[in-house]
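This is what each chain is made of:
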There are 2 protein chains.
Amino acid sequence: MNTTRGDRPPTSVDVARAAGVSQATVSYVLTDNPHARVSEETRRRVRDAAARLGYVPDAAARTLRTGRSGIVLMPLSRARVGRLAQQVFDELEEEFRTRGYTLVQYGERTLKGVAAARSWLALRPSAVLVEAARLTRPAVDLLHASGVRAVIGLSDQPSPLVPAVVFDHRALGAAAARHLVERGSRRLAAVVPREEGLDAMGRARLAGVREVVPGAARIDLAFSEEEAGRIVRAGDLPDGVFAYNDEYAMLLISALKDAGLRVPEDVAVVGADDLPICTLMRPRLTSVHFDATASPADLAGEIDGIVRGERPSVGGEVVARFEPRLVIRASA
Amino acid sequence: MNTTRGDRPPTSVDVARAAGVSQATVSYVLTDNPHARVSEETRRRVRDAAARLGYVPDAAARTLRTGRSGIVLMPLSRARVGRLAQQVFDELEEEFRTRGYTLVQYGERTLKGVAAARSWLALRPSAVLVEAARLTRPAVDLLHASGVRAVIGLSDQPSPLVPAVVFDHRALGAAAARHLVERGSRRLAAVVPREEGLDAMGRARLAGVREVVPGAARIDLAFSEEEAGRIVRAGDLPDGVFAYNDEYAMLLISALKDAGLRVPEDVAVVGADDLPICTLMRPRLTSVHFDATASPADLAGEIDGIVRGERPSVGGEVVARFEPRLVIRASA
DNA sequence: TTGTATGCGTTATCAT
DNA sequence: ATGATAACGCATACAA
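Sequence order sets the numbering: in each chain, residues are counted from 1 along the sequence as written. Key to labels: chains lettered from A, ligands numbered from 1, both in the order written. Per-residue local features are limited, in this predicted model, to residues with pLDDT of at least 70; the limit for side-chain atom pairs, both in listing and counting, is 80 or more; totals at the level of whole chains, interfaces and linings are taken over all residues. The basis for the side-chain values is all heavy atoms of the structure; hydrogens and waters are excluded.

Student: Let's hear about the interface of chain A and chain B: which residues, and what values?
Tutor: It is common to give the size of an interface as the accessible area that goes away when the parts come together. Between chain A and chain B, the contact holds 52 residues from the first and 53 residues from the second. The term buried area denotes the loss of accessible surface (1.4 Å probe radius) that occurs when two parts are joined, taken as the sum for both partners. Buried surface at the junction of chain A and chain B, both sides included, amounts to about 4300 Å², of which 57% is carbon and sulfur. A pairing counts as a salt bridge when a side-chain nitrogen of Lys or Arg comes within 4 Å of a carboxyl oxygen of Asp or Glu. Summed over the shared surface of chain A and chain B, the result is 10 salt bridges. For the salt bridge of A:Asp58 with B:Arg124, the shortest nitrogen-to-oxygen distance reads 3.4 Å. In the analysis that follows, any N or O atom pair within 3.5 Å is treated as a polar contact, provided that within protein one partner can donate a hydrogen and the other can accept it, and provided that, for residues neighboring in sequence, both atoms belong to side chains. Connecting chain A to chain B are 14 residue pairs in polar contact (both at pLDDT 80 or more). Throughout, a contact is declared for two residues whenever any of their heavy atoms are within 4.5 Å.

Student: Tell me about the relation of the copies chain A and chain B, and please be specific about residues and values.
Tutor: For the pair chain A and chain B, the relating rotation is 180°, the translation along its axis is 0.0 Å, and the fit reaches an RMSD of 0.1 Å. The transformation relating the two chain copies, once decomposed into turn and shift, fits a two-fold axis. Every residue of chain A has its C-alpha some distance from the rotation axis, and the shortest such distance is that of A:Ala60, at 2.3 Å. In this comparison the copies share one frame, found by least squares on the C-alpha atoms of residues holding pLDDT of at least 70 in both.

Student: Explain the protein's contact with DNA strand C residue by residue, including any values.
Tutor: Taken together, 28 residues lie near DNA strand C, and A:Thr42, A:Arg65, B:Gln23, B:Tyr28 and B:Arg65 sit nearest. Among the atoms of DNA strand C close to the protein, meaning within 4 Å, 60% are from sugar or phosphate groups. Interatomic distance of 2.7 Å between a side-chain N/O atom of B:Arg62 and a phosphate oxygen of DNA strand C. Within the side chain of B:Arg65, a nitrogen or oxygen atom sits 2.6 Å from a base oxygen of DNA strand C. Residues are classed as near a molecule or strand on a simple rule: at least one heavy atom within 4 Å of it.

Student: Run through the sheet that holds strand 8 (residues 240–242) of chain B, naming residues and quoting values.
Tutor: Residues and elements named next belong to chain B. When DSSP locates at least two bridges between a pair of strands, those strands are taken to pair. Secondary structure is summarised from DSSP: a helix means a run of H or I of at least four residues, a strand means a run of E of at least two, and numbering begins at the N terminus for each. Read from one edge to the other, the open sheet built from 11 strands follows the order 2-1-3-4-5-11-10-9-8-6-7, with strand pairing classed as mixed. Edge positions in the sheet fall to strand 2 (102–105) and strand 7 (217–221), since each of these pairs with one other strand and no more. Each adjacent strand pair in this sheet contributes to an overall mean axis angle of 20°, direction not counted. The pairing of strand 1 (residues 71–74) with strand 3 (residues 127–131) spans two bridges and is parallel. Lines fitted to C-alpha atoms define the axes, with helix axes restricted to the stretch in contact, and inter-axis angles between N-to-C directions lie between 0 and 180 degrees.

Student: Please set out the protein's contact with DNA strand D residue by residue, giving values where relevant.
Tutor: Around DNA strand D, the structure places 30 residues, and the nearest of them are A:Ser12, A:Tyr55, A:Arg62, A:Arg65 and B:Ser22. A share of 58% is what sugar and phosphate atoms reach among the atoms of DNA strand D within 4 Å of the protein. At a separation of 2.5 Å, a phosphate oxygen of DNA strand D approaches a polar backbone atom of A:Ser12. Interatomic distance of 3.4 Å between a backbone N/O atom of A:Asp58 and a phosphate oxygen of DNA strand D. At the level of secondary structure, the elements contributing two or more residues to the surface near DNA strand D comprise helix 2 (23–31) and helix 4 (59–66) of chain A together with helix 2 (23–31) and helix 4 (59–66) of chain B. Here the surface near DNA strand D gets five residues from one element, more than from any other, and that element is helix 2 of chain A. Considering only residue class, the surface near DNA strand D consists of 10 nonpolar, 13 polar and seven charged. Charged residues are taken to be Asp, Glu, Lys and Arg, nonpolar residues to be Ala, Val, Leu, Ile, Met, Phe, Trp, Tyr, Cys and Pro, and polar residues to be all remaining types, Gly included.

Written out as structure tokens, the structure reads:
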């Protein structure tokens with residue numbers, strides 16, 4: 001089968017030998033280098049030989065040579081980003097893969113700024129998608145100088161440093177609050193999860209609630225039945241609560257019902273994320289969903305464009321924005 | 001700052017210059033090569049210089065040279081593996097990262113056997129964790145011959161080809177069925193999800209149910225309220241249902257309640273995965289949980305051992321086993 | 001139109 | 001105890 005040494009994967013040299021051309025020609029043909037002119041006949045021979053041998057270019061060699069790998073690095077811990085991103089991630093991974101990139105989730109959480117950038121650079125990624133808060137000007141400069149073409153920030157607002165994917169948590173909180181007020185709630189509260197990583201988003205959403213109802217209370221809550229029960233029994237809950245997300249909503253609602261309170265008559269609750277469980281609860285749960293202005297395919301395309309140098313990478317720009325959309329159900 | 005060309009990341013040559021030694025010495029020191037004898041004094045100078053320059057070895061160059069990257073490849077789509085693996089993934093990712101590996105989830109689903117192996121080899125991974133069903137003997141041989149040290153199968157039973165992580169879906173179904181029978185159900189059914197990727201696990205779990213109750217019915221169900229309602233209204237449900245997992249259980253229960261049936265009096269339901277929502281439903285949901293015989297840390301350690309050549313990679317072996325544990329709640 | 005030659009940054013062999 | 005040096009596989013400037 002393999003006409004070469006040992007039994008290692010075939011190299012471009014093997015393909016060249018099999019096709020009766022030089023290694024350079026193989027490289028030209030398989031990378032579709034527009035710079036080089038190769039006859040159709042030769043192209044065919046090369047492609048045939050490559051297919052026959054099952055040739056797949058060595059990613060490491062290509063990276064070493066070009067200074068840039070096909071890796072798109074997402075230094076985020078999955079748990080930290082919530083359900084939404086979990087759904088988006090799979091699609092994004094597929095989009096990048098079909099475009100020849102490898103999306104790598106890299107859960108390291110402690111490093112920031114230049115130190116983080118250095119550790120990311122070990123992989124010579126083509127792009128880095130990371131919380132904007134972890135970036136600094138020197139870090140961004142270092143990344144760019146080191147061959148990273150696209151540095152994309154994830155944030156709840158545009159970033160002056162890099163193009164950003166914006167998750168408008170404030171607007172989400174505000175949308176929930178507006179709905180609660182419209183359906184008659186007088187006093188509001190917003191849940192802020194105690195879980196590390198979720199708390200920042202919780203605070204942003206609370207800020208949004210307070211844009212609408214300045215006096216809205218803050219309920220710090222860990223995801224536990226016991227704590228939810230304690231808070232409900234303390235009895236000072238207002239008549240409208242934005243529960244941070246659907247799971248916290250379900251937690252709160254079950255505690256409310258256990259305490260003999262009626263939902264939504266005594267306390268109205270709004271969740272977020274619009275999980276399937278919303279339609280399975282009785283009454284069904286109203287939820288605020290994040291809608292993206294750009295699909296995962298668009299996002300991957302945009303980043304691909306930046307990497308390929310077709311588009312510039314501009315600070316302050318918004319690559320995609322996630323905006324709240326209210327899904328009203330409780331009344332049903 | 002950077003005493004070298006342009007502004008690219010410092011190389012070992014830069015470190016050597018800064019430390020006043022040769023590049024080879026840098027390599028020796030930083031890889032702790034036991035083969036080479038370097039004085040403490042020199043080691044210190046090298047490490048200082050490396051730290052000062054923020055030197056991080058280029059992964060591509062190292063891979064090209066050693067023939068093996070630090071990548072642990074998991075060619076699985078996240079959606080396909082269910083909640084369990086989603087939880088495990090984050091921990092596994094962290095474990096591997098602290099050991100110097102990069103866990104890469106690679107959602108490509110179509111390729112199998114040698115073709116799949118070839119595409120995976122582009123990254124020269126140190127280890128591949130993949131559904132055993134996608135492996136063939138030639139594929140495993142090719143991977144091993146190409147430098148992949150650990151090929152680990154994921155399966156519902158030990159694999160003759162490779163060491164396996166076993167998810168005992170049959171036992172899980174059987175445990176659920178046993179519980180239903182014990183609490184008084186006469187006739188049983190098991191839900192098999194229509195969703196592609198979940199159906200195989202569903203069938204394995206159904207087989208487990210039928211080990212206990214041979215005549216148990218099969219309910220094919222997509223995750224939709226409408227379809228669940230239709231099935232419930234058709235009225236031929238038995239008095240005990242294993243719902244495949246907790247989310248399907250919730251779907252089914254809400255349809256049952258809508259139809260005026262009592263749970264568990266008329267129809268008892270058991271879920272799986274033991275999600276937080278189990279304790280939030282009323283009545284609480286009994287669920288079968290997968291418990292691992294080995295923690296993510298153990299698993300990563302085991303694979304690390306194989307990669308480092310300390311342990312052999314043996315077909316038929318079981319690296320870790322996920323066994324069902326019944327969490328009884330409905331009676332509470 | 002195709003081939004030759006070079007270097008990317010690292011590891012590891014072999015001299016010194 | 002340390003330094004020169006040769007690959008690893010690929011992409012590309014340049015020669016033919």
